[in-house]
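Coordinate analysis (summary)
The primary structure of each chain is shown beneath.
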Amino acid sequence: MEKKLTDQEVLKCKDSCRILKAVQRKPLRYSEIKRLLNLKPARLECLLKMLRERMWIIVRVRPVTVKFYQVFKDPRKKGDGIAIPDPDIPTKSKILVEYSLSKRGAAVLRAHAK
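The following refers to the structure shown.

Rules used throughout
Residues numbered from 1 in each chain as written. Predicted model: local features only at pLDDT ≥ 70, side-chain atom pairs only at ≥ 80, totals over all residues. Heavy atoms only, no water. Helix = DSSP H or I, 4+ residues; strand = E, 2+ residues; numbered from the N terminus. Buried < 20%, exposed > 50% of the residue type's maximum accessible area, 1.4 Å probe, protein only. Contact = heavy atoms within 4.5 Å. Salt bridge = Lys/Arg side-chain N within 4 Å of Asp/Glu carboxyl O. Axes fitted to C-alpha atoms, helices over the stretch in contact; angles between N-to-C directions. Parallel < 35°, antiparallel > 145°, perpendicular 65-115°, else oblique. Left-handed = near helix turned anticlockwise from the far one by under 90°.

So, the overall build of the protein
Counting its regular elements, the protein contains 5 helices and 4 strands. Counting helices and strands in the order they occur from the N terminus, the protein gives α-α-α-α-β-β-β-β-α. Of all 114 residues assigned to the protein, the portion counted as buried reaches 30%. Within the protein, contacts between residues separated by at least 24 positions form 67% of all contacts whose residues are at least 6 apart in sequence.

Printed below as a string of structure tokens:
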């Protein structure tokens, strides 16, 4: 049986405070948090789960459409060329997941800073 941590015990964990401070500035994706804080994936997943359960961070999901471009380059000119959307390739939809600080998380972070 898994032991539930109290809010004070979660705040004593330095990594959870680092995550809260990182997403306080702007919403971040999972890979950005991992790269920014240099955390192992298992550790980061566990901390994000704890912070989500306490509603200190919010997970925002939004669809993003990606267009594929065909590049036409003039061999007589320097440069990258002209990018034109390719009608033969259909647009692709992706889902972007971002973590942001909730109002409750901001209040906890302010109280912890005092």
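Right, picking up where we left off after that structure.
Topic: the pattern of salt bridges
Two side chains carrying opposite charge are able to pair once their charged atoms lie near each other. Counting across every chain of the model gives 3 salt bridges. One salt bridge connects Arg43 with Asp15, and the closest N-O pair in it is separated by 3.3 Å. Within this pair, whereas Arg43 is found in helix α4 (residues 41-53), its partner Asp15 is found in helix α2 (residues 14-25), the two being separated by 28 residues in sequence. For Glu98, the salt bridge goes to Arg62, with nearest N and O atoms at 3.5 Å.

With respect to the packing of α2 against helix α3 (residues 30-37)
A pair of packed helices is captured by two measures, namely the crossing angle of their axes and the spacing between those axes. At a minimum axis separation of 11 Å, α2 and α3 run at an interaxial angle of 120 degrees. Of the possible angle classes, the one that applies to α2 and α3 is oblique. By crossing handedness, the relation of α2 to α3 is classed as right-handed. On α3, the residues that touch Arg18, Ile19, Ala22 and Val23 of α2 are Ile33, Leu36 and Leu37.

Description of the packing of α2 against α4
The N-to-C vectors of α2 and α4 enclose an angle of 70 degrees; their axes lie 10 Å apart at closest approach. The angle between α2 and α4 falls in the class roughly perpendicular. On α4, the residues touching Asp15, Ser16, Ile19 and Leu20 of α2 are Arg43, Leu44, Leu47, Leu48 and Leu51.

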